[in-house]
Protein chains: 2
Amino acid sequence: MNINQRLEALREVMRREHLAACIFPSTDPHQSEYVADHWKSREWISGFNGSAGTAVVTLQSAAVWTDSRYFLAAEEQLKGTEYQLMKLKIEGTPTIAEWIGRECGPGVEVGVDGMVNSANSVKELIVDLRKQGGITVRTNLDPLSQIWRDRPAVPESKVEIYPMEYAGESAHDKIARIRKGLRELHADGMLMSSLDDIAWTLNLRGSDVHCNPVFVSYLLISSKDVILYINKVKLMPEVLAYLKAEGVGVASYEDVKKGLKDYFEYNILLDPEEVNYSLYKTVTREIVVAESPVKRMKTIKNEREIVGFKSAMLKDGIAMVKFLYWLSGYIGKPEISELTEISIDEELTSLRAEQPLYRDISFDTIAGHGSHAAIVHYEATPETDIPLQPKGLLLLDSGAQYLDGTTDITRTIALGPLTDLEKQIYTLVLKGHIQIELCKFPSGASGTQIDILARKDMWREGLNYLHGTGHGVGTYLNVHEGPHQFRMEWKPAPLVAGMTITDEPGIYLPDRCGARTENTLLIVPYKETEFGKFLQFESLTLCPIDKAPIILDMMTQEETDWLNAYHQRVLDTLSPHLSDEETAWLREACAPI
Amino acid sequence: MNINQRLEALREVMRREHLAACIFPSTDPHQSEYVADHWKSREWISGFNGSAGTAVVTLQSAAVWTDSRYFLAAEEQLKGTEYQLMKLKIEGTPTIAEWIGRECGPGVEVGVDGMVNSANSVKELIVDLRKQGGITVRTNLDPLSQIWRDRPAVPESKVEIYPMEYAGESAHDKIARIRKGLRELHADGMLMSSLDDIAWTLNLRGSDVHCNPVFVSYLLISSKDVILYINKVKLMPEVLAYLKAEGVGVASYEDVKKGLKDYFEYNILLDPEEVNYSLYKTVTREIVVAESPVKRMKTIKNEREIVGFKSAMLKDGIAMVKFLYWLSGYIGKPEISELTEISIDEELTSLRAEQPLYRDISFDTIAGHGSHAAIVHYEATPETDIPLQPKGLLLLDSGAQYLDGTTDITRTIALGPLTDLEKQIYTLVLKGHIQIELCKFPSGASGTQIDILARKDMWREGLNYLHGTGHGVGTYLNVHEGPHQFRMEWKPAPLVAGMTITDEPGIYLPDRCGARTENTLLIVPYKETEFGKFLQFESLTLCPIDKAPIILDMMTQEETDWLNAYHQRVLDTLSPHLSDEETAWLREACAPI
């Protein structure tokens, strides 16, 4: 079936069900950032496969909303279909509700699957559509269930136990801490729906979702019981025994609604940003609306997790240096055109895969050369892939899943001679990166406060970047872990010791060039004074930062000192694990400026 | 009547009215920061006169809650009464609701005057007291009305017209813009209750409140009418004629409730943080809960206002330099002990009063010498006043109301030899001040983002200050004008061109020393690029910054360059208005470092 045939089949269902429009989001029942193929409804109905976007189909029209990262890709992918592209945050773009109001008129009904939309998002949609002349919403129908014939099944891959050696705290103890957190919020229990929260809580990992070692399930905690709702085929006998020993019961995935109906406590905590609308509406008990206490617990790493992170970062640094050493043989030479964005990614991934405890990449590599580096979320495809040239910048953002930790690193590399503009943006990005590394701050400060340190020198030049400066990183879990962040928008999550956070400013000049430099940092104590506890950052990432593009005059002495000290640490830590040739190259790469 | 007699009289009323407790806040019906004497109920019933604090009286006990600024003063003032001091933000201090729950037990009724508490604060109190065993709240009684015999009247001072020459926009035009703002919020009208918002809207000024040129009133705007609720004795015939010409009707102050009852539109905008609970509950129409659109309009100064600000700042700079020149004759000399904190304030005020269009001070001067400088809101009284010594720092935070603008400036001055610690904190404060002055930022950034620039160098030394870094300043209006601020806490108000904002970092080391340096800044365009509009700050304040305490090694070249350029501008702008002796002194004070 091509897209137009799929639309026709959908509209037949819509006519039968008296729906004027259907809405297809990017999410799954667990509000995952990456979703299993089973839930890629929006991609199936529209053909647009970006990570963020919403398709809306009426009886006579269709449109896809997405953000600036995907304007080009979406235009390409929607060509030849009846879909209009709706560019988010561009003046004149209607909201989904406004557009449905215009296309369908008042008094009609719109279908949206309550299972794959958060409670809050559906509530807002209901309000917005009501304003468009009393349009109502039906939430109990997945219209594709009747027409998507070769739909991939919900994944059934096996769950594995995450050893205490890496987790550092038993599931039993974590559950006890969660219950304590719930009591502080005056809640008797909670439904956990985020897959990484469940994996963290139970010390289990899976492989249901690309790059994210999670497994599809729900976890219902009451004051007496803990029940994991999961397809039982995923649980081997030793995992079943483990769960029993940790005090966790098991029920089938589909029975979560029954579990919520039978829930016997006075109240239950539900995070309406996390729990889907259908489950939210199933609950008849009093709802404590609050952020899940697990979110914050998970972001503060324990001693074993920190040891694991450092081990993973050492291995990742070794792989990165082996890669950079290999690449250095091509830099500035015509033979570099034998390499492409995709081929260097393959080389890097194979070097990582040689490292002990390697499991997977942690996200799809971004390898962008020349003007591709200016596309923030560029992912080379066979269609866009280009040979490297012996000039300009290569932006390489990649990471891996090791059993003992997750990595995320960006380096921007000079492949030969650079323009002044390339050098200028590279140096501004590096200065911003270092200013964050140097920051000392009171425990509990927010990432919104600190974010400006990465931008202030760019702002003087009228430059900026529109993504956040950093995000948390999971322990052999999702590479994006919230709620703490560095970003311009307000994120009230306070920063405390034990958190990981990336430091990744960038500058992107469309059709010209781009640069980003990223280390993953650990928050550690700095000093305690009469004004309280102060914290600082420790770089976990160990990999040289290319010195070739740096305009020395733009660097302060303090910034230069930081870079030289960092490079000395990289050299000292990595060289015992490298060959003589690699060490010689690294010594040069780490020589003081 | 002494405090204990007042308590006895109150308890008689409470017994008659079956109230188990009464609560007395710091505010007036308009949620003013400074209140007229008529509304100083908490001070009358407790004797505690700090600007922030709440008194609670039960039939057998009494307590005052206040924050760390006032712990010492409150302890002193409550001595000999039955009041307990409750220290806010100190571990173990109960909330008011918890304390009432413990003291009075369940099922009782508590009195709180709904006229002097915001709608939100009473709503929260009702929820909190209900949790303490179903304690209910009565809001329609001012218990002091029956017992405070010599209570000052509601002020009746005359209102004056604020000339277009300074206001720059007619009341008629402002009202049209407010109505447009209301339409954007889908509101048909609004009740304005903040006294400075009303003064700004109508281009009127008064003298009902210490330091703030406002007048007690409400303003009710509908799609057809604008009614000023005010004691008519305050309006001279020319003001009445002016109001009529601007399309503003007049009704008596007490009739605002009737006005709200008779309000005929479909809905009305009320800001529940601003409008008091009693008026809020009077409304029977649909309420649009939102921040008043006036708040933001008022903070963006028009061209005439900016001209006025610059004129006021010039005069204030002249007065400050005359003062500093006078003070310089005593610095480092034993004769300085002839001066005290209060006497220098009198000298400064008299020099300001000589300037054209001077009307008043804009807040009570903070003149603190030695360890007094470490008390953030120190205000010298005859009891605390001390002679100056020819050593250490003097912190002087002061400002004036001129008809063309309001000023707010802090200088910290070396009175003789300094300790290393004094020099260190002074230099760190100056560096923080300059970092804000140097900042360039995208239009719409928030003060929460920028605040850290003033603190980052202090944080490296484990130092900090717990107040905001800056606040807006009114146009011959309140010296504190929101909602935009620089502060560690989240303030979502975006910064845009035309706003005034102070830049006033400090460090306070209790029992040792304190320093603060403050200029008032104007936000002006910087440049426009593909990343949008960027803004910068222009110092409005014109006054030398003492160079004697600066540790030069701690300053970056950029910071030194800023200071020298600022001093050159101060010298060039002020010297034409000074005597030869004053100019000679200023030339020295402004010589480059």
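Residues numbered from 1 in each chain as written. Chains lettered and ligands numbered in written order. Predicted model: local features only at pLDDT ≥ 70, side-chain atom pairs only at ≥ 80, totals over all residues. Heavy atoms only, no water.

1. Some words on the confidence of the model for chain A
So, point 1. In the predicted model, chain A carries a mean pLDDT of 96, and 100% of its residues have values of at least 70.
So, point 2. Scored as a whole, the predicted complex attains pTM 0.94, and scored at its interfaces, ipTM 0.92. (pLDDT = per-residue confidence, 0-100.)

2. A word on unusual backbone geometry
So, point 1. Note the cis peptide between G482(A) and P483(A), where omega equals 0°.
So, point 2. Checked against the element boundaries, P483(A) lands in strand β23 (residues 481-486).
So, point 3. In this model, Y476(A) sits at a positive phi of 40°, which is unusual for a non-glycine residue.
So, point 4. Relative to the assigned elements, Y476(A) resides in the loop between β22 (470-472) and β23.
So, point 5. Residue class for Y476(A) comes out buried when judged on its relative accessible area of 5%.
So, point 6. Of note, the phi angle at D511(B) is positive, near 70°, even though the residue is not glycine.
So, point 7. Looking at the element boundaries, D511(B) is found in the loop between β25 (506-509) and β26 (513-516). (Helix = DSSP H or I, 4+ residues; strand = E, 2+ residues; numbered from the N terminus. Buried < 20%, exposed > 50% of the residue type's maximum accessible area, 1.4 Å probe, protein only.)

3. Thoughts on the interface of chain A and chain B
So, point 1. With 30 residues of chain A at the contact, the number on the chain B side is 30 residues.
So, point 2. On the surface where chain A and chain B come into contact, there are four salt bridges.
So, point 3. The salt bridge involving R512(A) is made with E530(B); its shortest N-O contact spans 2.8 Å.
So, point 4. Inspection of the chain A/chain B interface yields eight residue pairs in polar contact (both at pLDDT 80 or more).
So, point 5. In terms of residue count, helix α17 (residues 452-460) of chain A provides more of the side of chain A that touches chain B than any other element does, five residues in total.
So, point 6. Each residue belonging to the side of chain A that touches chain B can be placed in one class, and the counts come to 17 nonpolar, five polar and eight charged. (Contact = heavy atoms within 4.5 Å. Salt bridge = Lys/Arg side-chain N within 4 Å of Asp/Glu carboxyl O. Polar contact = N/O pair within 3.5 Å; in protein donor to acceptor, adjacent residues only side chain to side chain. Nonpolar A, V, L, I, M, F, W, Y, C, P; charged D, E, K, R; others polar.)

4. Overview of the sheet that holds strand β17 (residues 393-398) of chain A
The strands making up a sheet associate through hydrogen bonds between their backbones, and the pairing can be parallel or antiparallel.
All names here are of chain A.
So, point 1. With respect to topology, three strands assemble into an open sheet ordered β16-β17-β20, the strand pairing being antiparallel. In the strand order of this sheet, the two ends are held by β16 (366-369) and β20 (409-414), each with one partner. Strand-to-strand twist across the sheet, computed as the mean angle between neighbouring axes with direction ignored, equals 10°.
So, point 2. Here β17 pairs with β20 via six bridges, running antiparallel. Note that in β20 the partner of L395 across the bridge is T412. (Pairing = 2+ DSSP bridges. Axes fitted to C-alpha atoms, helices over the stretch in contact; angles between N-to-C directions.)

5. A closer look at the relation of the copies chain A and chain B
So, point 1. After a rotation of 180° and a shift along the axis of 0.1 Å, chain A superposes on chain B with an RMSD of 0.1 Å. Given the turn and translation reported, the copies of this chain are related as if by a two-fold rotation axis. If distances are taken from each C-alpha of chain A to the rotation axis, the shortest is found for Q449(A), at 2.4 Å.
So, point 2. Both copies present the same face, since 100% of the interface residues in chain A are matched by interface residues at the equivalent positions in chain B. (Least-squares fit on C-alpha atoms with pLDDT ≥ 70 in both.)

6. Description of the sheet that holds strand β21 (residues 441-442) of chain A
So, point 1. Taken in spatial order, the four strands of this open sheet run β21-β28-β27-β24 (chain A), and their pairing is antiparallel. Two strands close off the open sheet at either side, each with one partner strand: β21 and β24 (500-503) of chain A.
So, point 2. Lying over the sheet, helix α15 (residues 420-438) of chain A contacts β24, β27 (519-529) and β28 (532-539) of chain A, oriented at roughly 40° with respect to β27(A).
So, point 3. Packing of helix α17 (residues 452-460) of chain B onto the sheet brings it into contact with β21, β27 and β28 of chain A, and relative to β27(A) it is tilted by some 65°.

7. Let's talk about the packing of aromatic side chains
So, point 1. Inspection of the entire model under this criterion finds 27 aromatic pairs over all chains.
So, point 2. Seen from the ring of F71(A), K87(A) lies directly overhead, with NZ or CZ sitting 5.2 Å from the centre.
So, point 3. Positioned above the aromatic ring of Y465(B) is the side chain of R455(B), whose terminal nitrogen or guanidinium carbon lies 3.8 Å from the ring centre. (Phe/Tyr/Trp six-rings, centres within 6.5 Å; stacked < 30°, edge-to-face > 60°. Lys NZ or Arg CZ within 6 Å of the ring centre and 35° of its normal.)

8. Re the pairing of β17(A)
Residues and elements named next belong to chain A.
So, point 1. With six of six residues buried, β17 lies mostly within the body of the structure.
So, point 2. Residue alternation in β17 divides its side chains into two sets, L393, L395 and D397 and L394, L396 and S398, and both sets are buried.
So, point 3. Strand direction decides the pairing type here: β16 and β17, joined by four bridges, are antiparallel. Residue pairing for β17: H369 is matched across the bridge by L394.

9. With respect to the pattern of salt bridges
Residue and element names in this part refer to chain A.
So, point 1. Counted under the stated rule, the structure contains 58 salt bridges over all chains.
So, point 2. For the salt bridge of E184 with K180, the shortest nitrogen-to-oxygen distance reads 3.5 Å. Linking E184 with K180, this pair stays in helix α7 (residues 171-184), spanning four residues, or about one helical turn.
So, point 3. Given the relative accessible area of 57%, E184 is considered exposed.
So, point 4. Each of D196, D197, E274, K295 and K298 takes part in a single network of salt bridges with overlapping partners.

10. Digging into a negative patch on the surface
Residue and element names in this part refer to chain A.
So, point 1. A cluster of acidic side chains, namely E98, E124, D128 and E273, defines a negative patch on the protein surface.
So, point 2. The topology assignment puts E98 in helix α4 (residues 96-104).
So, point 3. Residue classification places E98 among the partly exposed residues on the basis of a relative accessible area of 36%. (Patch = residues over 30% accessible without salt bridge, like charges linked within 9 Å, V, L, I, M, F, W, Y side chains within 5 Å. Areas by Shrake-Rupley, 256 points an atom, 1.4 Å probe, with all protein chains shown as cover. Lys, Arg positive; Asp, Glu negative; His and termini not counted. Charge placed at Lys NZ, Arg CZ, Asp CG, Glu CD.)

11. Quick word on the packing of α17(A) against α17(B)
Helix packing for two helices is described by the angle between their axes and how far apart those axes are.
So, point 1. Remark: α17(A) packs on α17(B), axes separated minimally by 11 Å, with the N-to-C direction vectors making an angle of 120°. The pairing of α17(A) with α17(B) is recorded here as oblique in orientation. When you trace α17(A) past α17(B), the crossing you get is left-handed. Every residue of α17(B) that contacts α17(A) at I452(A), L453(A) and K456(A) is listed here: I452(B), L453(B) and K456(B).
So, point 2. The residue makeup of the contact of α17(A) with α17(B), split by class, is four nonpolar, no polar and two charged. (Parallel < 35°, antiparallel > 145°, perpendicular 65-115°, else oblique. Left-handed = near helix turned anticlockwise from the far one by under 90°.)

12. Considering the nonpolar core
So, point 1. In terms of nonpolar packing, the biggest core is built from 118 residues, with F441(A), I450(A), F537(A), F441(B), I450(B) and F537(B) touching the most fellow members.
So, point 2. Those residues in contact with I450(A) that lie beyond four places of it in its chain are I436(A), C439(A), F441(A), F486(A), L495(A) and I452(B). (Core = buried A, V, L, I, M, F, W, Y, C linked by side-chain atoms within 4.5 Å.)

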